Amino acid sequence: PLFGHLSDNFEGTVQKYFGNRIPFLSFGVIGMIGSLLLLAGLTYFKIFPVLVLTWSFVMFFAAVGQGAYSALIPDRVLREQYGSASSWMAIMSMVGNAVGASLGFFLDDGGIIATLSIIIGTLTFCTLVTVISSHVLGVEAIQIERREPSTTEITATKCGRCGSLFSSLWENLSRPFKSGGDFTWLFFSKFFIGMGYSTIQQFILYYVEDVVSKPYVVSFFGITSFSVPDDESAAALYMLVMLASAVISALIAARLSDRIGAKVVVYISCTCQSVAVLLIILPWLHRLDAVLGVSILFGAGYGAYQSVDWALIMDVLPSNFEFGKDMGIWHISWVLPQMIVPLLGGIIIDSPFLLFSLFLLSF
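Since the structure is predicted, the reported quantities are computational estimates derived from the model, not experimental observations.

## What about the overall build of the chain?
Here's step 1: Along the chain, the regular secondary structure elements total 15 helices and 2 strands.
Here's step 2: Classification of the 363 residues of the chain by burial places 45% in the buried group.
Here's step 3: When the accessible surface of the chain is summed, it comes to about 18,800 Å², and 71% of that surface belongs to carbon and sulfur atoms.

## Topic: the nonpolar core
Here's step 1: Residues M94, Y197, Y238, L288, W310 and M314 are the most contacted members of the largest nonpolar core, which totals 61 residues.
Here's step 2: Among the secondary structure elements, those contributing two or more residues to this core are α4 (48–76), α5 (82–102), α10 (181–210), β1 (216–220), α11 (231–260), α12 (262–280), α13 (288–316) and α14 (323–349).
Here's step 3: Looking at which element gives the most residues to this core, the answer is α13, with 14 residues.

## Some details on the pattern of salt bridges
Here's step 1: Overall, the coordinates contain 2 salt bridges when judged by the stated rule.
Here's step 2: Salt-bridge contacts for D309 lead to K190; the nearest nitrogen and oxygen are separated by 2.7 Å. Linking D309 in helix α13 with K190 in helix α10, this pair joins segments that are 119 residues apart in sequence.
Here's step 3: Take K190: its relative accessible area is 5%, and that puts it in the buried class.

## Let's talk about the confidence of the model for the chain
Here's step 1: Residues with a pLDDT of 70 or more make up 77% of the chain, whose mean pLDDT is 75.
Here's step 2: Across residues 139–163, where pLDDT falls below 50, the model places 33 contacts with residues more than four positions away in sequence or in other chains.

## Considerations on the packing of α11 against α12
Angle between the axes and distance between the axes are the two parameters that describe a pair of packed helices.
Here's step 1: Their axes nearest at 9 Å, the elements α11 and α12 cross at an angle of 155°. Judged on the interaxial angle alone, α12 and α11 are roughly antiparallel. In this structure, the crossing between α11 and α12 has a hand that is right-handed. Contacts between α11 and α12 involve Y238, A253, S257 and I260 on the former and, on the latter, A262, V264, V265, I268 and I280.
Here's step 2: Looking at the contact of α11 with α12 residue by residue, the class counts come to 8 nonpolar, 1 polar and no charged.

## Side note on unusual backbone geometry
Here's step 1: Look at the link from K214 to P215: it is a cis peptide, with omega at 0°.
Here's step 2: In this structure, P215 sits in the loop between α10 and β1.

## Some remarks on the state of the cysteines
Here's step 1: For the coordinates displayed, the defined rule picks out 0 disulfides.
Here's step 2: Sulfur of C272: no disulfide; nearest cysteine sulfur belongs to C270 and is 9.3 Å away.

## Concerning α13
Here's step 1: Along its 29 residues, α13 runs 41 Å from first to last C-alpha, staying within 8% of the 42 Å computed at 1.5 Å per residue.
Here's step 2: Largest kink in α13: about 35°, centred on D309.

## Let's talk about the environment of V291
Here's step 1: Structurally, V291 is set in helix α13.
Here's step 2: Since its relative accessible area comes to 2%, V291 is described here as buried.
Here's step 3: In sequence terms V291 and V212 are 79 residues apart; their C-alpha atoms lie 8.1 Å from each other.
Here's step 4: For V291, the residues in contact, after removing those within four places along its chain, are Y207, V212, Y238, I280, L285 and H286.

## Structural notes on the environment of L251
Here's step 1: The topology assignment puts L251 in helix α11.
Here's step 2: On the basis of relative accessible area, L251 is assigned to the partly exposed category, the value being 45%.
Here's step 3: For the pair L251 and G303, spaced 52 residues apart in sequence, the C-alpha to C-alpha distance is 8.4 Å.

## Digging into the environment of K214
Here's step 1: By the element assignment, K214 lies in the loop between α10 and β1.
Here's step 2: Separated by 73 residues in the primary sequence, K214 and R287 place their C-alpha atoms 7.9 Å from one another.
Here's step 3: Of note is the side chain of K214, whose polar atom sits 2.8 Å from the backbone oxygen of E209.

## Considering the packing of aromatic side chains
Aromatic rings in a pair are described by how distant their centres are and how their planes are angled relative to each other.
Here's step 1: For the structure on display, the rule yields 8 aromatic pairs.
Here's step 2: Note on Y197 and W334: the rings are 5.7 Å apart at their centroids and 20° apart in plane angle, and the pair reads as stacked. Of this pair, Y197 sits in helix α10 while W334 is found in helix α14, placing the two residues 137 residues apart along the sequence.
Here's step 3: Aromatic rings pair up to connect Y197, F298, Y302 and W334 into one cluster.

## Brief notes about the side chain of D231
Here's step 1: Along the chain, D231 turns up in helix α11.
Here's step 2: For the buried D231, which has no salt bridge, the nearest side chain bearing the opposite charge is K214, at an N-O separation of 4.2 Å.
Here's step 3: Setting aside chain neighbours within four positions, we find D231 in contact with L205, V208, E209, K214 and Y216.

Rules used throughout
- Residues numbered from 1 in each chain as written.
- Predicted model: local features only at pLDDT ≥ 70, side-chain atom pairs only at ≥ 80, totals over all residues.
- Heavy atoms only, no water.
- Helix = DSSP H or I, 4+ residues; strand = E, 2+ residues; numbered from the N terminus.
- Buried < 20%, exposed > 50% of the residue type's maximum accessible area, 1.4 Å probe, protein only.
- Areas by Shrake-Rupley, 256 points an atom, 1.4 Å probe, with all protein chains shown as cover.
- Core = buried A, V, L, I, M, F, W, Y, C linked by side-chain atoms within 4.5 Å.
- Salt bridge = Lys/Arg side-chain N within 4 Å of Asp/Glu carboxyl O.
- pLDDT = per-residue confidence, 0-100.
- Contact = heavy atoms within 4.5 Å.
- Axes fitted to C-alpha atoms, helices over the stretch in contact; angles between N-to-C directions.
- Parallel < 35°, antiparallel > 145°, perpendicular 65-115°, else oblique.
- Left-handed = near helix turned anticlockwise from the far one by under 90°.
- Nonpolar A, V, L, I, M, F, W, Y, C, P; charged D, E, K, R; others polar.
- Disulfide = S-S within 2.5 Å.
- Expected span 1.5 Å × (residues − 1).
- Bend = angle between axes of the 7 residues up to and from the residue.
- Polar contact = N/O pair within 3.5 Å; in protein donor to acceptor, adjacent residues only side chain to side chain.
- Phe/Tyr/Trp six-rings, centres within 6.5 Å; stacked < 30°, edge-to-face > 60°.
- Lys, Arg positive; Asp, Glu negative; His and termini not counted.

See the structure below:
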């Protein structure tokens, strides 16, 4: 939210040429690439505190870029296009996740250098495409598409500029929660959904290792179709199948939401994910093919939710003049669970109920 707030109020020669978001996005990506290169070099020394510190730099610069990018699309999308923009964002994000998961099949023997090289190359390419396309679209288009800010918003922004940035930051950050209950409800609902998804994503490898029966064989109607060689490949296959199901579900849900409403889509999606988590802890569903079947159901619910998620938050944002700050706050509801889940999950795994308690928590 901090860098989103800064990008909302960014002025100067650079802003006139590149706009409010691109400078912060570029700074975040450049910082990420530098931190990843440093991480690759320090990996050989295997000094754990130094690696943790370097990874913190990676996450910091990722947050800088994400804060600006979260506001880049609202800047350029008209209200009547929120539904289609939300579905396309969900689909492309899940396609990217699916491609990343599929790389788990090929990078196991490539080492850290090969993995980081692909990440850096992807970051560079995608950032260049974003910068060039944004520049071609024109910075002026942002001001045309966005409504004029209200007097209250202008006054609040000017106060933030004239006074200390950090003294006014808390007031700016808390304003969305004071504007009405819709933003607050949606923030915490996304937080708990993020808790469930992060639990599955971050601990599925341990579930596969400890619970799924070996050898990893996928069969249809008693006929063996293929086998999976190791734990990492089986976990990557689970994520890949789940994300493929999510992409198909997002395409269907995007059209369905126009008929039955986004809230009904959310109810259906959460039901699918909850049922999938309950099924995955049943003792007779520990074959890999059965687990993959459950992943299809979970992915269907996840994709349906993601297809309407962005449109829902855009409808309840308190201001059209502070997209960077408000979208940054909303992004916390998805990032914070990814920080909490490893800590809680590690404690629960050490309990007598092991992974079953963990996946029950995700429910």
